[in-house]
Amino acid sequence: MSYLNDLRLVFAGDFQSDVSTVNNDVRHFDNATFEKRFQEFQMGEVLNGWWNPIGSGAFRLINCKVQSVAVNDEKMQDSSVGFFIDGSNNRVGGKMVDLDPQMQMVSGIWGLTIRLTDGQQDFLVGQFEPASFRDIMFGRRQGAPASAGASAAFQSVLTDLHWGNDLSGSPCLEALKAASKRNGKLSIRLTTFGYSTGNNAERFTLGTVIGAIGPYDENEPLSFVKGRRMVPNCDTNGSPLNNINFFDGLVDEQKSSVLVNLGNALPLTFELGLQNLGNLQLAVLKDVNTPESETLAIGDEFVPLGLIPYRTPDWLYTTAGIWTTSLLPDQLDLIREHPLALIQMLDSNKGKVLLRESIDGLLVRADQFVQRVEPTETAEIELFISRYGKPLPNKSVSIAFSPPNNNAGGGENDRRPPKAESPWTDWPKKALKNLPLRLTTDAAGKAKLSIETQDPGNPRGYVDGQIYTLLYSLQGQADSQRQSFDAIYVLLFDGYPIPERPTWLEHIHPIFQQYGNLYPIMSKRLVDLGDYDSVRANRAILELAFSLDIHDPNSMPVTRDLSKAKRATILRWLREQDAHGSYVLRLGQLKQLPVGAPQEIQETSVRSFAQELEAEDDYTMAHGYQNLKIALQRNQSDS
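Residues numbered from 1 in each chain as written. Predicted model: local features only at pLDDT ≥ 70, side-chain atom pairs only at ≥ 80, totals over all residues. Heavy atoms only, no water.

Helix and strand counts for the protein chain stand at ten helices and 32 strands. Whereas a compact globule of 639 residues would reach a radius of gyration of roughly 26 Å, the protein chain reaches 27 Å, a difference of no more than 12%. Each of the 639 residues in the protein chain was classed as buried or not, and the buried ones make up 58%. The long-range fraction of contacts in the protein chain, counting pairs at least 24 apart against all pairs at least 6 apart in sequence, stands at 71%. Of the roughly 26600 Å² of accessible surface on the protein chain, 48% is carried by carbon and sulfur atoms. Considering the protein chain, the positive charge centre built from 61 side chains and the negative charge centre built from 77 side chains are found 1 Å apart. (Helix = DSSP H or I, 4+ residues; strand = E, 2+ residues; numbered from the N terminus. Rg over C-alpha atoms; globule rule 2.2 N^0.38 Å. Buried < 20%, exposed > 50% of the residue type's maximum accessible area, 1.4 Å probe, protein only. Contact = heavy atoms within 4.5 Å. Areas by Shrake-Rupley, 256 points an atom, 1.4 Å probe, with all protein chains shown as cover. Lys, Arg positive; Asp, Glu negative; His and termini not counted. Charge placed at Lys NZ, Arg CZ, Asp CG, Glu CD.)

Once that is clear, we can look at the pairing of strand β17 (residues 280-285). By the criterion of burial, β17 is predominantly enclosed, with six of the six residues buried. Because side chains alternate across β17, one face comprises the buried residues L280, L282 and V284, and the other comprises Q281, A283 and L285, equally buried. The sheet contact formed by β17 and strand β21 (residues 340-345) spans five bridges and is antiparallel. Each bridged residue has a counterpart across the sheet, and for V284 the counterpart in β21 is L340. As paired elements, β17 and strand β19 (residues 302-307) share five bridges and run antiparallel to each other. (Pairing = 2+ DSSP bridges.)

If you walk through the whole model with that rule in mind, you get 29 salt bridges. With a shortest N-O distance of 3.9 Å, E35 and R416 are connected by a salt bridge. Linking E35 in the loop between β1 (8-18) and β2 (58-71) with R416 in the loop between β27 (396-401) and β28 (432-433), this pair joins segments that are 381 residues apart in sequence. Residue classification places E35 among the buried positions, given a relative accessible area of 17%. A residue is classified by how much of its surface remains accessible, and R416, at 45% relative accessible area, is partly exposed. With its nearest N and O atoms 2.6 Å apart, the salt bridge here joins R539 to E543. Of this pair, R539 and E543 both sit in helix α7 (residues 539-547), four residues apart, which is roughly one turn of that helix. Classification of R539 as buried rests on a relative accessible area of 9%. The exposure class of E543 is buried, given its relative accessible area of 18%. (Salt bridge = Lys/Arg side-chain N within 4 Å of Asp/Glu carboxyl O.)

Quick look at helix α1 (residues 171-180) now. Taken residue by residue, α1 has C172, L173, L176, A179 and S180 as its buried positions. One side of α1 holds all its buried residues, which, seen down the axis, span an arc of 125 degrees. (Arc of directions from axis to C-beta.)

Bringing the confidence of the model for the protein chain into the picture now. Looking at the protein chain, pLDDT values average 91 and 92% of them are 70 or higher. pLDDT under 50 marks residues 596-625. Its contacts with residues more than four places away, or in other chains, come to 43 contacts. Contacts for the low-pLDDT stretch residues 631-639, under 50 throughout, to residues beyond four places or in other chains number 19 contacts. (pLDDT = per-residue confidence, 0-100.)

Among the secondary structure elements, N261 is positioned in strand β16 (residues 257-261). On the basis of relative accessibility, which here comes to 3%, the residue N261 falls in the buried class. C-alpha separation for the pair N261 and G321, spaced 60 residues apart in sequence, amounts to 5.4 Å. Each residue touching N261, except ones within four places of it in the same chain, is listed here: Y3, L4, R189, F247, D248, A320, G321 and I322. For N261, the side chain forms a polar contact with the side chain of Y3, separated by 2.9 Å. (Polar contact = N/O pair within 3.5 Å; in protein donor to acceptor, adjacent residues only side chain to side chain.)

Take a negative patch on the surface next. On the surface, D287, E294, D300 and E301 cluster together into a patch of negative charge. Within the secondary structure, E301 is located in the loop between β18 (295-297) and β19. Residue classification places E301 among the partly exposed positions, given a relative accessible area of 35%. (Patch = residues over 30% accessible without salt bridge, like charges linked within 9 Å, V, L, I, M, F, W, Y side chains within 5 Å.)

The subject of this paragraph is α7. Among the residues making up α7, those that are buried are R539, L542, E543, A545 and F546. The arc that holds every buried residue of α7, seen down its axis, measures 170 degrees, which confines them to one face. In this fold, the buried residues of α7 make contact with α4 (504-518), α6 (532-537) and α8 (564-575).

With 44 residues, the main nonpolar core has L9, I85, L116 and F128 as its most contacted residues. Only β1, β2, β7 (112-117), β8 (122-128), β11 (151-163), α1, β12 (186-193) and β13 (206-215) provide two or more residues apiece to this core. Look past the residues within four positions of F128 in its chain and what remains in contact with it is I109, L112, I114, F154, S156, V157, L158, I188 and L190. The next biggest cluster of nonpolar side chains, apart from the first, holds 43 residues, and it includes I210, L266, L280 and I335. (Core = buried A, V, L, I, M, F, W, Y, C linked by side-chain atoms within 4.5 Å.)

Turning our attention to unusual backbone geometry. Between W427 and P428 the backbone carries a cis peptide bond, its omega angle lying at -5 degrees. Mapped onto the fold, P428 is located in the loop between β27 and β28. For the bond from M556 to P557, the omega torsion is -5 degrees, close enough to zero to count as cis. As for its position among the elements, P557 is in the loop between α7 and α8. Even without being a glycine, N243 presents a positive backbone phi close to 65 degrees.

What follows deals with the packing of aromatic side chains. Tallied over the full model, the rule gives 14 aromatic pairs. Each ring, one from W504 and one from Y532, has its centre 5.6 Å from the other, and the planes form 70 degrees; the classification is edge-to-face. Linking W504 in helix α4 with Y532 in helix α6, this pair joins segments that are 28 residues apart in sequence. Of the two residues, W504 and Y532, neither departs from the other in class, the shared state being buried. (Phe/Tyr/Trp six-rings, centres within 6.5 Å; stacked < 30°, edge-to-face > 60°.)

Time to look at the sheet that holds strand β29 (residues 438-440). Pairing is mixed in the open sheet, where five strands are placed in the order β24-β32-β31-β27-β29. In this open sheet, the two edge strands, each paired with only one partner strand, are β24 (370-373) and β29. Neighbour-to-neighbour, the strand axes of this sheet turn through a mean angle of 25 degrees, independent of strand direction. Pairing between β27 and β29: three bridges, direction antiparallel. Paired with S396 across the two strands is T440, which belongs to β29. (Axes fitted to C-alpha atoms, helices over the stretch in contact; angles between N-to-C directions.)

Take a look at the structure:
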């Protein structure tokens, strides 16, 4: 069971994703070549810090309301309709986080609270388990470029559920509460689109969200529906040729019904309505080999299941794109071994196949497909394999490395690119030890991939760890049958020896300066992470932020890309006290002069030299010499 269920609550509204875009270019991670302009807005073809360099990383639901509910697939009057779907009322909003600057196609939501309220009392509060988006489609919104035209879906579960005292006015909430007693969880899906990246636009960093909440079964995946996978023909870039995206269906044999979710599939107008594609019929194909774009005769070549009322005003927002219809006994028999299809009716007798189910009904998808892993840890990923929605045992799944690449995470067509070189990804392969290249599914149609790891050895230099993309494929299934970003993504951190007595100059500043560079909102509103005195003055709040659980929305860093060893080093430095209980915050000694410093520089000239550089607004050199200035002026060293 999942949100795609005959018991569901549907909501719609707005979301905010106030991402910082300084980290969109991997070359901005290089402290040695960082320029102050990377914290400024894009200027035409000079990308600088891209379109939102001052972003906070916050993710919020705004003005989201329950639009409809269904119990036993019957839409009904329910007191929860009109309630708000809100975030936490006692802490900050969630965070939108990239896995890595060189893999930004699996961005995740962290630390989000989901709260169902009428504004006076809460009826349901749950924690959204971190989830990365899937099935992203660029160009879904007509006339909108890049992110503004994109659509994607986040599927996860709500945990740590707290229910209101009185749900008697809502049969839907009572039914959801009863369903959650099995495991304390609910399934949830968010579909986002219509995002605004124009910093002068009224809706800057805002977009539209639709969603649904339903029961969750422990045997089901967390991040997708194990059902009937609808697959479009795509071009070489993975874009659907007819502008209809991948989507999922589910056949409920016990209730003789079929459900489909078109919320992330049908093309949008610029005004965020659904484009008119004429009469759309969900159908079953009689010939399993019928290709997309084929024109077929009703009855002889396909069996219609029902017209989808997507042109009904506000249909997308009141249903989240979920549509269901009952099946007659002969339709149910046919659907067990024949593909579903989306048919555009040309007249009362003929229709054109716009989209059809995967060939032979095959589906392979990985759950927990985004992994952050410490060296020597083992990552566990479960893959689900099915045929026409039924588990497929004893099936072979191949695993393969993506080839090394140094073209990821950089701004294309930048008239003034950063000086740093882009690192290579996906090497060394030996860091993923004993990687099995072939798996076999069990009786439940599942296969578990265990990835043993070791220290990758800092192959990317100025970026911690390495990013790996592992491709999986089902024996006998063409790659074209899978969405282009259906893969497994592993961020493997570098090994890092935790020093006994860490110091600012040697250990802390290189880490903090990078985050200070990439998140200028920190230095402008809270603490300059590259400045010793500023960090010292804010020691307590930094200790709190770095000690919080990674799932907490206040956890630092926002990016969730700090290894446990480096976090432990930071906390050890922040917490060290002398015999009198005062915090030491060791400054330490520079092992060498900053890169580019003239060897003849003397203590007496440090202050004027640093001031001169600062006056020239040479950001990189000024910060380098600032640390030399601090070291010499304070004349402190490790005891």
